[in-house]
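Listed below, chain by chain, are the residues.
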Amino acid sequence: QQQVKQSPQSLIVQKGGISIINCAYENTAFDYFPWYQQFPGKGPALLIAIRPDVSEKKEGRFTISFNKSAKQFSLHIMDSQPGDSATYFCAASISSSNTGKLIFGQGTTLQVKP
Amino acid sequence: KAGVTQTPRYLIKTRGQQVTLSCSPISGHRSVSWYQQTPGQGLQFLFEYFSETQRNKGNFPGRFSGRQFSNSRSEMNVSTLELGDSALYLCASSSGMSTEAFFGQGTRLTVV
């Protein structure tokens, strides 16, 4: 119930293409879904986040799509660039529980080929 | 605004020893959470401190402990180190009232 399942494990995309990473969850109490980007040797950086009251959120080239009924959400990176090559993690938490605990997916390693 | 600062960045310890890691959150943030990152298990929640009190705890043995000081800085301690404790330990800072969490660069712990 506490798991967040992320796919694919790795992804190779050509420069200019669209990268899509998917996550699924079981616990319907989750109400905050962030995405993090991590470069080697660095900590995860908050990229974009969504709450279940909206179906889509866009920030620059990054878009989260959220499907509440399917309990799935995904990250779309438009016009992917070599600089986007990193590991991406989805996560979920219950904001009403008054705790900072994030449940993370297993991560997706993205390689954008020039 | 300064980000989340973790010290030291790298540590090598011998099995059986203990270690203390430090995390200074973003100024004004009162919540510090700790995570263990390994290739096999990914990012796993250790515990969270808010206003010097442990607010939540993950499924780790009692060898893992932490505390938070009045200035919100936090320390994490691991006693009787095992080889499997080798990992990147990350701390995340948040206001405590919002769910947005910002991570430090981590401390890479190697147990030999």
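As shown above, the structure is provided for reference.
No experiment lies behind these values; they were computed from the predicted model shown. Here the residue index of a chain counts from 1 through its sequence in written order. All chains are assigned letters beginning at A, and all ligands numbers beginning at 1, according to the order in which they are written. Since the coordinates come from a predicted model, pLDDT governs what is reported: local features require at least 70, and pairs of side-chain atoms require 80 or more to be given and counted, while whole-chain, interface and lining totals use all residues. Processing note: side-chain calculations cover all non-hydrogen atoms of the structure and skip hydrogens and water entirely.

A. Focus on the environment of Phe45(B). One can find Phe45(B) in strand β5 (residues 42-50). Between the alpha carbons of Phe45(B) and Pro8(B) there is a distance of 20 Å; along the sequence they are 37 residues apart. Pairs of residues are marked as contacts when any of their non-hydrogen atoms sit within 4.5 Å. Once residues lying within four places of it in the same chain are set aside, the contact partners of Phe45(B) are Lys101(A), Leu102(A), Ser33(B), Trp34(B), Tyr35(B), Asn56(B), Lys57(B), Gly58(B), Asn59(B) and Phe60(B). Strands are runs of DSSP state E lasting at least 2 residues, helices are runs of H or I lasting at least 4, and numbering of each runs from the N terminus.

B. Summary view of the sheet that holds strand β1 (residues 4-7) of chain A. All names here are of chain A. In short, DSSP must find at least two bridges between two strands for them to pair. Taking strand neighbours across the sheet as the criterion, the five strands line up as β1-β3-β8-β7-β6 in an open arrangement whose pairing is antiparallel. Of all the strands in the sheet, the pair left with one neighbour each is β1 and β6 (56-59). The mean inter-strand angle of the sheet, taken between neighbouring strand axes irrespective of direction, is 15°. Two elements, β6 and strand β7 (residues 62-67), share four bridges in a ladder whose sense is antiparallel. Note on β7: the bridge partner recorded for Glu56 is Ser65. In this analysis, axes come from line fits to C-alpha atoms, helices being fitted only over the stretch in contact, and the angle between any two N-to-C directions falls in the range 0 to 180 degrees.

C. Region of the structure containing the interface of chain A and chain B. On the chain B side, the residues contacting the 19 residues of chain A number 22 residues. By definition, the buried area sums, over both parts, the 1.4 Å-probe accessible area that each loses when the two are put together. Summing both sides of the interface, chain A and chain B together bury roughly 1,600 Å²; the carbon and sulfur share of this comes to 50%. By definition here, a salt bridge exists when the distance from a side-chain nitrogen of Lys or Arg to a carboxyl oxygen of Asp or Glu is within 4 Å. Where chain A meets chain B, there are zero salt bridges. Residues are sorted three ways: Asp, Glu, Lys and Arg are charged, Ala, Val, Leu, Ile, Met, Phe, Trp, Tyr, Cys and Pro are nonpolar, and all the rest, Gly among them, are polar. By residue class, the composition of the side of chain A that touches chain B is seven nonpolar, nine polar and three charged.

D. Broad picture of the packing of aromatic side chains. Centre distance within 6.5 Å is the pairing criterion for rings of Phe, Tyr and Trp, where only the six-membered ring of Trp is used; planes under 30 degrees apart are then read as stacked, over 60 as edge-to-face, and the remainder as tilted. For the coordinates displayed, the defined rule picks out 18 aromatic pairs over all chains. With a centroid separation of 5.7 Å and an interplanar angle of 70°, the aromatic rings of Trp35(A) and Phe73(A) are classed as edge-to-face. Note that Trp35(A) is positioned in strand β4 (residues 33-38) and Phe73(A) in strand β8 (residues 72-77), a separation of 38 residues in sequence. Throughout this description, buried means an accessible area under 20% of the type-specific maximum (1.4 Å probe, protein chains only), exposed means over 50%, and partly exposed covers the range between. Its relative accessible area of 2% is what places Phe73(A) among the buried residues. Note on Phe60(B) and Phe64(B): the rings are 5.3 Å apart at their centroids and 65° apart in plane angle, and the pair reads as edge-to-face. Whether a charge sits over a ring comes down to the Lys NZ or Arg CZ being within 6 Å of the ring centre and within 35 degrees of the ring normal. One Lys or Arg, Arg55(B), reaches over the ring of Phe50(B) and ends 4.3 Å from the middle of that ring.

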